[in-house]
Amino acid sequence: MDLMTQLLAQDLTKSYTVPNGPPLEVLSGVTLSLQAGESAAILGPSGSGKSTLLAILGTLDRPTAGSLQLADVQPLQLPEPQLALFRSRHIGFVFQDHHLLPQCTVLENVLIPLLADGKPGKEDLQRARLLLKRVGLDERQDYRPSQLSGGQRQRVAIARAMVRQPTLLLADEPTGDLDRTTAETIAQVLVEMQQADDTMLIVVTHSLSLANRLQQRYELDQGKLQRMFDG
Ligand code: ADP
């Protein structure tokens, strides 16, 4: 791993035990590396293992074999409590469904990842407000999620994912539930937020338009990840 490489996943294999049959190998020897501030899209048919790969890169799931290095740490070697701390410090997640807490305001939702460190301080509040400004929702900080549109909720989810300045931002179908115009805006916001903080970004998507906004495109098919070259 050279100095600039922040993410190195090598030879990841993932097999699931399934009823009445041999193990189902979903990933077979997936290798991916990214440098600080780089972005990549992962495309591929439904069921090809994209969410599985994202969960492994996000340390939410363990590969059957292979190694993962992120920000000079081998997270798979960490015991669970340290792994949870590492994950909350270094990895931000955006899902298709925003997963906002309905009883909390927009500002409180953005602050949630910071609660692991205790009560948010003045700088935390400043950071949360800055992010809400970046996603264009600074005037809605006291709203509840139910008072927002689907696109606005996803903006809050992006701000929340960025609040700890993660090394790696992972997004699983972030525009999957949105109409085309809203999806375009969210794709733009996602990339702007990533670039503002020089975060690495990996997005699983079916949207070529979103994939084309990122620096690299990969296709996952038959358990293999292959770089797609344009033209
Ligand atoms: P994608 O995100 O590309 O649609 P997934 O990663 O969700 O694909 O799933 C890939 C394959 O792995 C599918 O065939 C799915 O049924 C299977 N799979 C996912 N999770 C499990 C699990 N916990 N146990 C068994 N099989 C699983």
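It should be noted that the structure appears before, not after, this text.
Keep in mind the model is a prediction, meaning the values are calculated, not measured.

Focus: the sheet that holds strand β2 (residues 24-35)
Piece 1. Strand order in the open sheet formed by three strands is β2-β1-β4, with antiparallel pairing between adjacent strands. Every interior strand has two partners, whereas the edge strands, β2 and β4 (65-70), have only one. If you compare each strand with its neighbour and ignore which way they point, the axes differ by 15° on average.
Piece 2. In terms of strand pairing, strand β1 (residues 5-16) meets β4 through five bridges, oriented antiparallel. Paired with Q10 across the strands is S67, a residue of β4.
Piece 3. Contacting β1, β2 and β4, helix α1 (residues 50-57) runs over the sheet at an angle of about 130° to β1.

Details of the pattern of salt bridges
Piece 1. On inspection of all chains with the given rule, the structure shows seven salt bridges.
Piece 2. Between K133 and D138 there is a salt bridge; the shortest N-O distance is 4.0 Å.
Piece 3. Here K133 falls in the exposed class, since its relative accessible area comes to 56%.

Some words on the packing of aromatic side chains
Piece 1. Per the stated rule, a full pass over the model turns up one aromatic pair.
Piece 2. Here F93 and F95 contribute two aromatic rings whose centre-to-centre distance is 5.9 Å and whose plane-to-plane angle is 0°, an arrangement assigned as stacked.
Piece 3. By relative accessible area, F93 is classed as buried at 18%.
Piece 4. Judged by its relative accessible area of 33%, F95 falls in the partly exposed class.

Structural notes on α1
Because an α-helix packs 3.6 residues into every turn, residues spaced three or four apart end up facing the same way.
Piece 1. With seven of eight residues buried, α1 lies mostly within the body of the structure.
Piece 2. When α1 is considered as a whole, its buried residues turn out to be K50, T52, L53, L54, A55, I56 and L57.
Piece 3. Taken from the residues just after α1, T59 is the one with a positive phi, measuring 60°.

Comments concerning the site of the ligand
Piece 1. Taken together, the neighbourhood of the ligand is formed by Y16, L24, V26, P45, S46, G47, S48, G49, K50, S51 and T52.
Piece 2. In the environment of the ligand, an oxygen atom lies 2.7 Å from a nitrogen or oxygen atom belonging to the backbone of G47.
Piece 3. Relative to its unbound accessible area of 570 Å², the ligand is 59% covered by the protein chains.
Piece 4. Looking at which element gives the most residues to the shell around the ligand, the answer is α1, with three residues.
Piece 5. Of the residues that constitute the shell around the ligand, the class distribution is four nonpolar, six polar and one charged.

Let's talk about the sheet that holds strand β6 (residues 168-172)
Backbone hydrogen bonds hold the strands of a sheet together, and the pairing may be parallel or antiparallel.
Piece 1. The strand order across the open sheet formed by six strands is β5-β6-β7-β3-β8-β9, and the pairing between neighbours is mixed. Looking at strand neighbours, the two that pair on one side only are β5 (91-94) and β9 (224-227), the edges of this open sheet. Across the sheet, the mean angle separating the axes of adjacent strands is 20° when strand polarity is ignored.
Piece 2. Relative to strand β7 (residues 200-204), strand β3 (residues 39-43) runs parallel, the two sharing four bridges. Opposite S39, over in β7, you have L201 as the bridge partner.
Piece 3. Across the face of the sheet, α1 comes into contact with β3, β5, β6, β7, β8 (216-221) and β9 while running at roughly 155° to β6.
Piece 4. Contacting β3, β6 and β7, helix α6 (residues 180-197) crosses the sheet at an angle of about 155° to β7.

Some details on the packing of helix α4 (residues 122-134) against α6
Piece 1. Where α4 contacts α6, the two axes come as close as 10 Å, and the packing angle between them is 135°. Taken together, α4 and α6 sit at an angle that is classed as oblique. Contacts between α4 and α6 involve R127, L131 and R134 from the former and M193, A196 and D197 from the latter.
Piece 2. When the residues that make up the contact of α4 with α6 are grouped by side-chain class, the tally is three nonpolar, no polar and three charged.

Describing the packing of helix α5 (residues 150-162) against α6
Helix packing geometry: the angle between the two helix axes and the distance between the axes.
Piece 1. Between α5 and α6, the shortest axis-to-axis distance is 10 Å and the interhelical angle comes to 15°. Relative to α6, α5 is oriented roughly parallel. Handedness of the α5/α6 crossing: right-handed. Along its contact with α5, which presents G151, Q154, R155, I158, A159 and M162, the element α6 presents T182, T185, I186, V189, L190, M193, Q194 and D197.
Piece 2. Of the residues belonging to the contact of α5 with α6, the class tally is seven nonpolar, five polar and two charged.

Parameters at a glance
- Residues numbered from 1 in each chain as written.
- Predicted model: local features only at pLDDT ≥ 70, side-chain atom pairs only at ≥ 80, totals over all residues.
- Heavy atoms only, no water.
- Pairing = 2+ DSSP bridges.
- Helix = DSSP H or I, 4+ residues; strand = E, 2+ residues; numbered from the N terminus.
- Axes fitted to C-alpha atoms, helices over the stretch in contact; angles between N-to-C directions.
- Contact = heavy atoms within 4.5 Å.
- Salt bridge = Lys/Arg side-chain N within 4 Å of Asp/Glu carboxyl O.
- Buried < 20%, exposed > 50% of the residue type's maximum accessible area, 1.4 Å probe, protein only.
- Phe/Tyr/Trp six-rings, centres within 6.5 Å; stacked < 30°, edge-to-face > 60°.
- Near = heavy atom within 4 Å.
- Polar contact = N/O pair within 3.5 Å; in protein donor to acceptor, adjacent residues only side chain to side chain.
- Areas by Shrake-Rupley, 256 points an atom, 1.4 Å probe, with all protein chains shown as cover.
- Nonpolar A, V, L, I, M, F, W, Y, C, P; charged D, E, K, R; others polar.
- Parallel < 35°, antiparallel > 145°, perpendicular 65-115°, else oblique.
- Left-handed = near helix turned anticlockwise from the far one by under 90°.

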